[in-house]
Amino acid sequence: MAAAALGCGGGWRRAWRRGLGGLVPVPVPVPIPIPIPIPIPIPALVHVAVPVPACRPPRVVARNAGGGAVPAGKSGLAPWVPVVGLEIHAQISSNSKLFSGSQVQFAAPPNSLVSFFDASLPGTLPVGAFLACFSLSQCLQMRLGMAFVRTHRYTWALAEKVLNRRCVEAAVMTGLALNCSINKKSLFDRKHYFYADLPAGYQITQQRVPIAVNGSLSYSLCIDNKMSQMVTKTVRIKQIQLEQDSGKSLHDDSRSQTLVDLNRAGVGLMEVVMEPDMCCGEEAAAAVRELQLILQTLGSSQAIMAEGQLRVDANVSVHHPGEPYGVRTEVKNINSIRFLAKAIDYEIQRQIEELENGGTILNETRAFDSKLGCTVPMRDKEGMQDYRFMPEPNLPPLILYDTKSLPANVNHQQVVNIDWIHERLPDLPSAKRAKLVELYGILPEHSFTLVNEDGLTEFFENVLKQTQMKPKKVIGWILNDLLSYLKQHSCTVKESPVSSVLLADLLNLLEKKEISASAAKQVFEELWKGEGKTPLEIVKEKQLQLIEDREELEQICQAVIDEHEKEVMAIKAGNQKIVNKLIGLVQRATQGRSNPVLVKQILEKKLSE
């Protein structure tokens, strides 16, 4: 009965014997002693996909960020219009699960963070903190925000904090950042399906009345991969709903069995449902990246795709202009933005080729094989009726408040105030980009790169604080040199061997004209080796200081002129562009230690003699 509901019967019985004058704290459910791991025969779990032939690399889809439709193929019919919608599951940053006190931790030992409720043992209820028995009349006299669960014919259980407050606040925060309307009253539902990593046989979600609806997300992307040509688009957000995550199935093909890890079961998720307003993989990837930045800025989710904290399902279909949408397929659990773009573009082209060859598109679930670069069938798509949605009988409506509707004399720790959260929203990525342009006079496309690369904005601003160089020059070094090295060596900004302090010291030497630009490039290359040397030490060791002796420079320039008579004749004939070649030759002769401005003056003087 009630003891089973808590998963800690001893504490409940002791409280029952003492009598209850109020709420009684109950120990957090202990991890369930499940063998590690749980072997399950593969036939009971896995839908075996029919082998498919090796996939060809997908052709580039003609419809891109600039708009337009895919041209007609062999059929000669009107162009095809691709339609893409996304369902994104973001794991909420919280120390505990949605309906239990179990800890949330990535890469913990299998089945080590599982409460009785997470494992769906019979009689367990979604209760996270306190439980006590009262008569029905006593329950009705309690404050708002409590949940009532009938456990006996004449006894009711009162559950306070049946829902993780942090998860609710994160969902509200995300909804506000995405311009959604927040429902003050939302409902929980059961979504039924049967799989080994879902022990209850259903998932608690919000299908009918979610916590947030009718929002929008604006995102920017380049046209034809040109940073100078950017376009801003908007995708509508249908809804954001709170729900439980399932466990994880680990398929062991060598032993023909599947292992189940329930550590993830019950972890709080936000599902962000986007309307089918996109037309290609590039747009979908840009929208997901912008959402990822927003979630990380808010702190509502770490959104690390490599750790499964942000998983994307893409719904793809094609149709002719003026016709109804075609049959859609769903590409499940894409865990990389790059793979998302590839999967969508491949699926669009696959559907077009299938239809033009006289075939039909099946309403099915597919997976993206990153090695082959194609999508492969998983199972037939389950219809809405198959999930048998029903109201969750053990959870009351989730009630939120704003300043106007907040009851008097209420304990603020027991309610979630929408206005209070709205007032404390941080600057979103779009606002950060606008501020960077306004503060430092950089180009909008440069601000886009700074914000989109994790940690690059902070690096840029730290360099500015320690150098006299103007922001427009600093941004060139950040984007052209630092970022190039980072991508070349597959490093993040935090992993860069060249710190903001070292780069600032280097730029100061350049700004004071103690070294040339080409010498600065050499110093940067040495700094990247991470040998612990300062820029000044490298300059002295490599003898990269600028040559200050004008007579020495004049001798070098004269030698270059004497060795290149053909170029000198062309310059005297009026081709002044060749002067730059001579400057480069002087730079080479001095190993980058000459001032190009001074060298040009000397050359022009000598050539005019």
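Since this is a predicted model, take the numbers as computed values, not measurements.

*Asks:* How do you make sense of the environment of Ser-336 when you look at a structure like this?
*Replies:* With respect to the element layout, Ser-336 can be found in the loop between strand E16 (329–334) and helix H6 (337–356). Residue classification places Ser-336 among the buried residues on the basis of a relative accessible area of 17%. Separated by 32 residues in the primary sequence, Ser-336 and Ile-304 place their C-alpha atoms 9.5 Å from one another. A distance of 3.3 Å separates the side chain of Ser-336 from the backbone nitrogen of Arg-338, its partner in a polar contact. Engagement of the side chain of Ser-336 in a polar contact is seen with the backbone nitrogen of Phe-339, the distance being 3.3 Å.

*Asks:* Just checking my understanding: could you explain the sheet that holds strand E19 (residues 390–391) for this structure?
*Replies:* Within a sheet, neighbouring strands are paired by backbone hydrogen bonds and run either parallel or antiparallel to one another. Ordered by their spatial adjacency, 3 strands build an open sheet running E9-E8-E19, and the pairing between neighbours is antiparallel. Strand pairing shows two members of the sheet lacking a second neighbour, strand E9 (202–205) and E19, which therefore form its edges. Judged from the 2 bridges that link them, strand E8 (residues 189–192) and E19 form a sheet pairing that is antiparallel. Counterpart to Arg-190 in the pairing with E19 is Met-390.

*Asks:* I keep staring at the packing of helix H8 (residues 429–440) against helix H9 (residues 444–452) and nothing clicks. Help me out?
*Replies:* In helix packing, the relevant descriptors are the interaxial angle and the interaxial distance, both defined with respect to the helix axes. Where H8 meets H9, the axes come as close as 9 Å, and the angle between the chain directions of the two elements is 130 degrees. Judged by the angle between their axes, H8 and H9 are oblique. As for how H8 packs across H9, the hand of that crossing is right-handed. For the pair H8 and H9, contact is made by Pro-429, Lys-432, Arg-433, Leu-436 and Val-437 and by Pro-444, Ser-447, Phe-448, Leu-450, Val-451 and Asn-452, respectively. When the residues that make up the contact of H8 with H9 are grouped by side-chain class, the tally is 7 nonpolar, 2 polar and 2 charged.

*Asks:* Looking at this structure, how should I read the pairing of strand E2 (residues 81–91)?
*Replies:* A regular strand carries its side chains on alternate faces of the sheet. Most of E2 sits inside the fold, with 11 of its 11 residues counted as buried. Covered by surrounding structure in E2 are Val-81, Val-83, Gly-85, Glu-87, His-89 and Gln-91 together with Pro-82, Val-84, Leu-86, Ile-88 and Ala-90, the residues of both alternating faces. Bridge count between E2 and strand E15 (residues 310–319): 10 bridges; the pairing is antiparallel. The residue of E15 that forms the bridge with Val-83 is Ser-317. Examined bridge by bridge, E2 and strand E14 (residues 268–274) share 5 bridges and lie antiparallel to one another. From the neighbouring strand, His-89 faces E14, where its bridge partner is Glu-271.

*Asks:* Please clarify how the sheet that holds strand E17 (residues 364–369) should be interpreted in this entry.
*Replies:* Pairing is mixed across the open sheet formed by 9 strands, whose spatial order is E6-E10-E11-E14-E2-E15-E16-E17-E18. The strands lining the two open edges of the sheet, one partner per strand, are strand E6 (181–182) and strand E18 (374–380). Contacts from helix H4 (residues 165–177) reach E6, strand E10 (212–223), strand E11 (226–244) and E14, with the element oriented near 145 degrees to E11. Together, E10 and E11 form the strand contacts of H9, whose direction differs from that of E11 by roughly 40 degrees.

*Asks:* I would appreciate a short explanation of the environment of Ala-200 in the present structure.
*Replies:* Along the chain, Ala-200 falls in the loop between E8 and E9. Ala-200 sits in the partly exposed class, given a relative accessible area of 31%.

*Asks:* Explain unusual backbone geometry to me, please; I cannot follow it from the model alone.
*Replies:* What is expected of a backbone is that most residues other than glycine have negative phi and most peptide bonds are trans. Unlike most non-glycine residues, Asn-111 shows phi in positive territory, near 60 degrees. Looking at the secondary structure, you find Asn-111 in the loop between E2 and strand E3 (130–134). Residue Asn-111 is classed as buried on the basis of its relative accessible area of 3%. One non-glycine residue with positive phi stands out, namely Asn-214, at about 55 degrees. Topologically, Asn-214 is positioned in strand E10.

*Asks:* I would appreciate a short explanation of the pattern of salt bridges in the present structure.
*Replies:* Note that side chains of opposite charge can pair when their charged atoms are close. A full pass over the atoms with the stated rule returns 23 salt bridges. Salt-bridge contacts for Glu-169 lead to Arg-165; the nearest nitrogen and oxygen are separated by 3.0 Å. With Glu-169 and Arg-165 both in helix H4, this residue pair falls 4 residues apart, about one helical turn. Classification of Arg-165 by relative accessible area gives partly exposed; the value is 30%.

Basis of the calculations
Residues numbered from 1 in each chain as written. Predicted model: local features only at pLDDT ≥ 70, side-chain atom pairs only at ≥ 80, totals over all residues. Heavy atoms only, no water. Helix = DSSP H or I, 4+ residues; strand = E, 2+ residues; numbered from the N terminus. Buried < 20%, exposed > 50% of the residue type's maximum accessible area, 1.4 Å probe, protein only. Polar contact = N/O pair within 3.5 Å; in protein donor to acceptor, adjacent residues only side chain to side chain. Pairing = 2+ DSSP bridges. Axes fitted to C-alpha atoms, helices over the stretch in contact; angles between N-to-C directions. Parallel < 35°, antiparallel > 145°, perpendicular 65-115°, else oblique. Left-handed = near helix turned anticlockwise from the far one by under 90°. Contact = heavy atoms within 4.5 Å. Nonpolar A, V, L, I, M, F, W, Y, C, P; charged D, E, K, R; others polar. Salt bridge = Lys/Arg side-chain N within 4 Å of Asp/Glu carboxyl O.

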